[in-house]
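Letter by letter, the chains look like this.
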Amino acid sequence: MAHEHRYRVDTIWTGNTGTGTSGYRDYARDYRLSAARRPDIAGSSDPAFRGDPTRWNPEDLLLASVSACHQLWYLHLCADAGIAVLAYEDAAESTMVEGDAQTGGHFTQFVLRPRVTVRPGDDLALAHRLHEAAHAQCFVANSLKTPVLCEPTITPAPR
């Protein structure tokens, strides 16, 4: 039986500099993301679109969601398989192209590059295969029409 989960985030625009959106250059792209029992996230648009470079933008947040979802599934699957992950870092990247006035643009790919350290003696081939399984389970990747590639590096910890 499928279980349904609902999520709620409040997005509050904080960029009214006094005249609202009276002109394209007359407002800040700043906003605040808020959800119950979590710290707020200060957001803006990408600096290429007049955003604040010190704030998270939607494109960064989407890439972070893909990376974090994959990581969480991978850690779960490794734990179930008896692979002890000792460290996990991902240098994830994405590519977006701007469209025209009707389409606005889209992502063309996401690339995850997790660097994983496992316990000495653990099965490295299985640790690699579990990335494929994690990708198949990732809720976020399964919701995208853009390809998500995974190029893992797995090394055993020194003895």
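Computed from a predicted model, the values in this text were never measured in an experiment.

**Considering the overall build of the protein**
Okay, so step 1: Each helix and strand counted, the protein has three helices and nine strands in total.
Okay, so step 2: Going from N to C terminus, the protein has its helices and strands arranged as β-β-β-α-β-β-β-β-α-α-β-β.
Okay, so step 3: Computed over C-alpha atoms, the radius of gyration of the protein comes to 19 Å, more than 25% over the 15 Å expected from 2.2 N^0.38 for 159 residues, which places it beyond the range of a compact globule.
Okay, so step 4: A buried classification covers 28% of the 159 residues belonging to the protein.
Okay, so step 5: If you take every contact in the protein between residues at least 6 apart in sequence, the share linking residues at least 24 apart comes to 55%.
Okay, so step 6: Put simply, the protein has 15 plus and 19 minus side-chain charges, and the middle of one group is 4 Å from the middle of the other.

**Some details on the sheet that holds strand 2 (residues 31-34)**
Okay, so step 1: Pairing is antiparallel in the open sheet, where three strands are placed in the order 1-2-3. The strands lining the two open edges of the sheet, one partner per strand, are strand 1 (10-13) and strand 3 (41-43). Averaged over all neighbouring strand pairs, the angle between strand axes comes to 25°, with direction disregarded.
Okay, so step 2: Across three bridges, the pairing between strand 2 and strand 3 is antiparallel. Looking at strand 3, one finds that Tyr31 is bridged to Gly43.

**A look at helix 1 (residues 58-81)**
Okay, so step 1: In this model helix 1 runs 34 Å from its N-terminal to its C-terminal C-alpha over 24 residues, within 8% of the 34 Å that 1.5 Å per residue would give.
Okay, so step 2: Listing the buried residues of helix 1 in full gives Leu63, Val66, Ser67, Cys69, His70, Trp73, Tyr74, Leu77 and Cys78.
Okay, so step 3: The backbone nitrogen of Glu59 has a side-chain oxygen 3.0 Å away, supplied by the residue at the start of helix 1, namely Asn57.
Okay, so step 4: Count one or two residues on from helix 1 and you reach Gly82, which has phi positive near 80°.

**A short note on the packing of aromatic side chains**
Okay, so step 1: For the coordinates displayed, the defined rule picks out four aromatic pairs.
Okay, so step 2: Plain terms: the ring middles of Trp73 and Phe139 are 5.6 Å apart, the flat faces sit at 75° to each other, and that makes the pair edge-to-face. With Trp73 in helix 1 and Phe139 in helix 3 (residues 139-142), this pair connects stretches of sequence that are 66 residues apart.
Okay, so step 3: Overall, the relative accessible area of 19% leaves Trp73 in the buried class.
Okay, so step 4: In this structure, Arg29 is placed above the aromatic ring of Tyr27, and the distance from its NZ or CZ to the ring centre is 3.8 Å.

**Focus on the domain arrangement of the protein**
Okay, so step 1: Its domain assignment divides the protein into domain 1 (10-49) and domain 2 (58-156).
Okay, so step 2: Centre-to-centre separation of domain 1 and domain 2, based on C-alpha positions: 29 Å.
Okay, so step 3: In this assembly, five residues from domain 1 lie in contact with five residues from domain 2.
Okay, so step 4: Approximately 350 Å² of surface area, both sides summed, lies buried where domain 1 meets domain 2, with 70% of it carried by carbon and sulfur atoms.
Okay, so step 5: Per-residue buried area on domain 1 facing domain 2 is highest for Tyr31, Asp46 and Phe49; these three make up 70% of the total on that side.

**Brief notes about the sheet that holds strand 5 (residues 93-97)**
Okay, so step 1: Across the sheet, three strands lie side by side as 5-6-8; this open sheet has mixed pairing. Sheet topology places strand 5 and strand 8 (148-150) at the edges, where each strand pairs with a single neighbour. The sheet shows a mean angle of 15° between the axes of neighbouring strands, direction not considered.
Okay, so step 2: Bridging between strand 6 (residues 106-112) and strand 8 involves three bridges; their strand directions are parallel. By the bridge assignment, Phe110 is partnered in strand 8 with Val148.
Okay, so step 3: Sitting on the sheet, helix 1 is in contact with strand 5, strand 6 and strand 8, with an inclination near 40° to strand 6.

Basis of the calculations
- Residues numbered from 1 in each chain as written.
- Predicted model: local features only at pLDDT ≥ 70, side-chain atom pairs only at ≥ 80, totals over all residues.
- Heavy atoms only, no water.
- Helix = DSSP H or I, 4+ residues; strand = E, 2+ residues; numbered from the N terminus.
- Rg over C-alpha atoms; globule rule 2.2 N^0.38 Å.
- Buried < 20%, exposed > 50% of the residue type's maximum accessible area, 1.4 Å probe, protein only.
- Contact = heavy atoms within 4.5 Å.
- Lys, Arg positive; Asp, Glu negative; His and termini not counted.
- Charge placed at Lys NZ, Arg CZ, Asp CG, Glu CD.
- Pairing = 2+ DSSP bridges.
- Axes fitted to C-alpha atoms, helices over the stretch in contact; angles between N-to-C directions.
- Expected span 1.5 Å × (residues − 1).
- Polar contact = N/O pair within 3.5 Å; in protein donor to acceptor, adjacent residues only side chain to side chain.
- Phe/Tyr/Trp six-rings, centres within 6.5 Å; stacked < 30°, edge-to-face > 60°.
- Lys NZ or Arg CZ within 6 Å of the ring centre and 35° of its normal.
- Domains from an automatic or database assignment.
- Buried area = accessible area lost by both parts, 1.4 Å probe.

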